[in-house]
Amino acid sequence: MKEQIMEYASGNEIAAIAVRQIGYDLMGYYPITPSTQIAENLDLMRAEGSTDLIMIAAEGEHSAAGICYGASVGGGRVFNATSANGLLYALEQLPVQSGTRYPMVMNLACRTVSGPLSIKGDHSDIMYMLNTGWLIFFAHTVQEVYDFNIIALRLAEMVRLPAVVAFDGFFTSHQKRRCYRFAEDAVVRDFLGEKKDPYPFFDLEHPITVGSYMNEPDLINNRYQLHLAMEEAGKRIPELFRSYQTLSGREYREWEGYQHEDADTLLILLGSSYDTAQAAVDRMRQEGKRVGVLTLHILRPFPAKELYEACRHANYIVVADRQDSYGAGGGNLSLEIRAAMQRYGGTARIKSIVYGLGGKDFYVEDAIHMLEWAAEENEADFCYYGVTSGSQAEQVQEEFFAPLTREKTDLGITTKTLNATTAVPKRLAPGHGACPGCGIPVNLNLLLRVIEDPVVLLFQTGCGMIVTTPYPKTGFKVPYLHNLFQNGAATLSGLAEICYRKQRKGELPHGDILFIMVSGDGGMDIGMGSAIGTALRGHRLLLFEYDNGGYMNTGYQLSYSTPKGARSATSHVGERQYGKTFFHKDMPQIMAAANIPYVATVAESNPADFMKKAEKAAEYAKEYGVAYVKALSACPLNWNDKPATERSVIGAAVDSCFFPLYEVECGKTRLSYDPEQSGKKIPIIDWLTMMGRTKHLGKEEYKDIVEELQMEVDRRFRSIKEKSEHPFL
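Residues numbered from 1 in each chain as written. Predicted model: local features only at pLDDT ≥ 70, side-chain atom pairs only at ≥ 80, totals over all residues. Heavy atoms only, no water.

1. Some details on the overall build of the protein
(1) Moving on: When you go through the protein residue by residue, the secondary structure sums to 25 helices and 25 strands.
(2) Moving on: Viewed in the frame of its principal axes, the protein has a C-alpha envelope of about 85 × 65 × 55 Å.
(3) Moving on: Across the protein, the fraction of contacts at a sequence separation of at least 24, relative to all contacts at a separation of at least 6, is 76%.
(4) Moving on: Of the roughly 30,700 Å² that the protein leaves accessible, carbon and sulfur atoms contribute 51%.
(5) Moving on: For the protein, the separation between the mean place of its 74 positive charges and that of its 89 negative charges on side chains is 3 Å. (Helix = DSSP H or I, 4+ residues; strand = E, 2+ residues; numbered from the N terminus. Contact = heavy atoms within 4.5 Å. Areas by Shrake-Rupley, 256 points an atom, 1.4 Å probe, with all protein chains shown as cover. Lys, Arg positive; Asp, Glu negative; His and termini not counted. Charge placed at Lys NZ, Arg CZ, Asp CG, Glu CD.)

So, in structure tokens, the structure goes:
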């Protein structure tokens, strides 16, 4: 057994340690709760110089999966981590990787699949992986997260299939436990051996084609070979577990059981619930009841025969799923165990129970109830546990506030001054949960106070929707819809078009309804494709972006709008790293290139300018097509400054020309505020040092970075200014 060191770590932290020790070449990723900490910890290691892992921050999980696939084809050892809808967004890419037989490892911190939106842990995401052709390990302890990451890569490279290591989000991913890791990285790397590609992609003397077009009979042969690879993996797993035991002293097999050998009643479940269930078994054993519990370490290849041998003596089995395969009478785990027992002649009565969805806590008493329910006669063999039923009438709630009808908002204000617009009722109620100093409600209210037409709002996922719509309450007095980061604009375009159709057919009253999408927290990274597609189609709606310069709702990871050099949870500052390494994205210019009728930038430091542009954007959105407005939005928590000073911080961003105020109306650019002309222009470093996230750039060692940023900011501002002075640009 090799020397090991005890760590007190969470599942995410120990996964990052395993990745560092393995010595991966590349990680493509996109942050999503609760897996994000893996990338954050690895970026910190990069900054400190303890790993040379290439980390590529994609604009979404689909692209992250593509980055990983390309690097795998190129012969690299490749890693990824995701959760829930991030996995589903990448899902299209996953059979591509297995079908062309390129190994890699992905960690999945299991989480509820939306909608409705929930970030808590269950198993509704991992079950989508069952038919992708990936090897699937499931860890129920922090120790297993470490061990399975190493074992999974070895198996993946043995049989040339990608592998996923799954574990419970927020339970295993975040809870710290004592665990052990190898003291020397060389032990891990010797166990894995050198990566060998049977068909090296960069062998220019023997070029290969990957991912050819296939018809019958080639495709079915390809799938059969994938099947054979899974069969081979099933044979290799026991010997791999034994060889790892020699190094670590820890014994594993495809499943793990507790007091199962003589049990009359068995409970089978996945993940961290297994540990709770063991305590329930102990309590019931003290009462003389022969009960036991099992969990699985491997879901693909599914260990059907091994499970049958472990369960064959039981008379009653209850399979508890943290997800449901709707309409099938049980979750996927229960369906597979039923099939396994039937295949090998099992006689136990099997019941299925769905529990713990949305991270609902699982207690010892819950496990006792399940074990007792398993042996009850004359009971249905499938149920949900922990639900509260109620009639539809009981679920109708009283209105928190009166709806804002057309009569209440259409006040006939002709001159939109600051004072005059205070009479327009706020669509967003004051009872939201935003942080002190947050710019989101400030910017949203500035946008809406000049709009007297009825408003329909769509929010992409982000802080803005999370702090305003915690079920069963809402902060909105107008119709509101939420959809995920990547598809907000497309969703709103469908909603708008059906409204216009109903108006044409006389099913809805005629009159202006303004459709507005609100995006931020990096939503215009992963959602940029949807936004551009909507812009090019020319739907009549308004896209409003509150740009707070990061993925704030997941704890501030870098977004493409984060300033160069800024510190974030995925752009640390250290001996080998100075923060974000590339310039911020110029989304207004990207939208202007889509030739939409109106683009504008606004800031709360210039409220009159803000409202004038908002009014103009609304008119264009009602009559001509997509209008896009971007506001620089403060985030005191993650900018690391004071809430009371945010307006001056925003003003400094404008005066430094980092965030120039201008509009592009029907293709013509007009600079609406020129700090040079007014004598208020300041160096970019004056703005950067106002915030903790960029204060380090004031040090002499980062002088070159600041100069690069200053040159780029000046170049962009000159471009806007020259377009403004040109007769038709």
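Having put the structure on the table, let's press on.
2. Here we look at the nonpolar core
(1) Moving on: If you look at the biggest cluster of nonpolar residues, it comprises 58 residues, and the most contacted ones within it are Met-27, Leu-42, Phe-79, Leu-135, Phe-137, Tyr-146 and Ile-150.
(2) Moving on: Here the element with the most residues in this core is helix H6 (residues 142-159); it accounts for 11 residues.
(3) Moving on: In terms of nonpolar packing, the next biggest core, distinct from the first, is built from 56 residues, Tyr-556, Trp-639, Val-649 and Ala-653 among them. (Core = buried A, V, L, I, M, F, W, Y, C linked by side-chain atoms within 4.5 Å. Buried < 20%, exposed > 50% of the residue type's maximum accessible area, 1.4 Å probe, protein only.)

3. Re the pattern of salt bridges
(1) Moving on: Under the criterion given, the structure shown has 33 salt bridges.
(2) Moving on: Here Glu-287 and Lys-289 are joined by a salt bridge, their closest N and O atoms 3.5 Å apart.
(3) Moving on: We classify Glu-287 as exposed; its relative accessible area is 52%.
(4) Moving on: In this structure Lys-289 comes out as partly exposed when scored by relative accessible area, which is 33%.
(5) Moving on: For Lys-630, the salt bridge goes to Asp-547, with nearest N and O atoms at 3.1 Å. (Salt bridge = Lys/Arg side-chain N within 4 Å of Asp/Glu carboxyl O.)

4. Points about H6
(1) Moving on: Helix length check: H6, at 18 residues, gives a terminal C-alpha distance of 26 Å against a target of 26 Å (1.5 Å per residue), a fit within 8%.
(2) Moving on: The buried fraction of H6 amounts to 16 of the 18 residues, a majority that puts the element mostly inside the structure. (Expected span 1.5 Å × (residues − 1).)

5. Details of the sheet that holds strand E3 (residues 54-57)
As a general point, the strands of a sheet are linked pairwise by backbone hydrogen bonds and lie either parallel or antiparallel.
(1) Moving on: Spatially, the 7 strands line up as an open sheet ordered E3-E2-E4-E5-E7-E6-E12, and their pairing is mixed. The open sheet is flanked by E3 and strand E12 (298-300), the only strands paired with a single partner. Going from strand to strand, the sheet's axes swing by 20 degrees on average, the running direction of each strand aside.
(2) Moving on: Together, strand E2 (26-29), E3 and strand E4 (78-82) form the strand contacts of helix H3 (residues 61-73), whose direction differs from that of E4 by roughly 165 degrees. (Pairing = 2+ DSSP bridges. Axes fitted to C-alpha atoms, helices over the stretch in contact; angles between N-to-C directions.)

6. Notes on the sheet that holds strand E23 (residues 627-632)
(1) Moving on: Ordered in space as E17-E16-E18-E19-E23-E22-E24-E25, the 8 strands form an open sheet in which the pairing is mixed. In the strand order of this sheet, the two ends are held by strand E17 (480-483) and strand E25 (668-671), each with one partner. The average undirected angle you get between the axes of adjacent strands in this sheet is 15 degrees.
(2) Moving on: Note that strand E16 (residues 455-460) and strand E18 (residues 514-520) share 5 bridges and pair parallel. Residue pairing across strands places Phe-459 opposite Val-518, the latter belonging to E18.
(3) Moving on: Contacts between helix H25 (residues 703-725) and the sheet are confined to strand E24 (662-665) and E25, with E25 contributing the most and set at about 110 degrees to the helix.

7. What to know about the pairing of strand E22 (residues 598-602)
(1) Moving on: Burial of E22 is extensive: 5 of the 5 residues sit out of reach of the surface.
(2) Moving on: Side chains of E22 alternate between two faces, with Tyr-598, Ala-600 and Val-602 and Val-599 and Thr-601 buried alike.
(3) Moving on: In this sheet, E23 lies alongside E22 in parallel orientation, the contact comprising 5 bridges. Pairing of Val-602 across the sheet is with Ala-631, part of E23.
(4) Moving on: In the classification by handedness, the crossover that spans E22, the intervening helix H21 (residues 607-623) and the parallel E23 is right-handed.
(5) Moving on: Here E22 pairs with E24 via 3 bridges, running antiparallel. Along E24, the bridge assignment pairs Tyr-598 with Glu-665. (Right-handed = clockwise from strand over helix to strand, strands pointing away.)

8. Side note on the packing of helix H1 (residues 11-22) against helix H7 (residues 185-192)
(1) Moving on: Viewed as axis vectors pointing N to C, H1 and H7 meet at an angle of 70 degrees, and their least axial separation amounts to 8 Å. It follows that H1 is roughly perpendicular to H7 by the angle criterion. Here Arg-20, Gln-21 and Ile-22 of H1 lie close against H7, whose contacting residues are Asp-185, Val-188, Arg-189 and Leu-192.
(2) Moving on: When grouped by side-chain class, the residues that make up the contact of H1 with H7 number 3 nonpolar, 1 polar and 3 charged. (Parallel < 35°, antiparallel > 145°, perpendicular 65-115°, else oblique. Nonpolar A, V, L, I, M, F, W, Y, C, P; charged D, E, K, R; others polar.)

9. A look at the side chain of Gln-486
(1) Moving on: For Gln-486, the location among the structural elements is in the loop between E17 and helix H17 (488-504).
(2) Moving on: Classification of Gln-486 by relative accessible area gives buried; the value is 17%.

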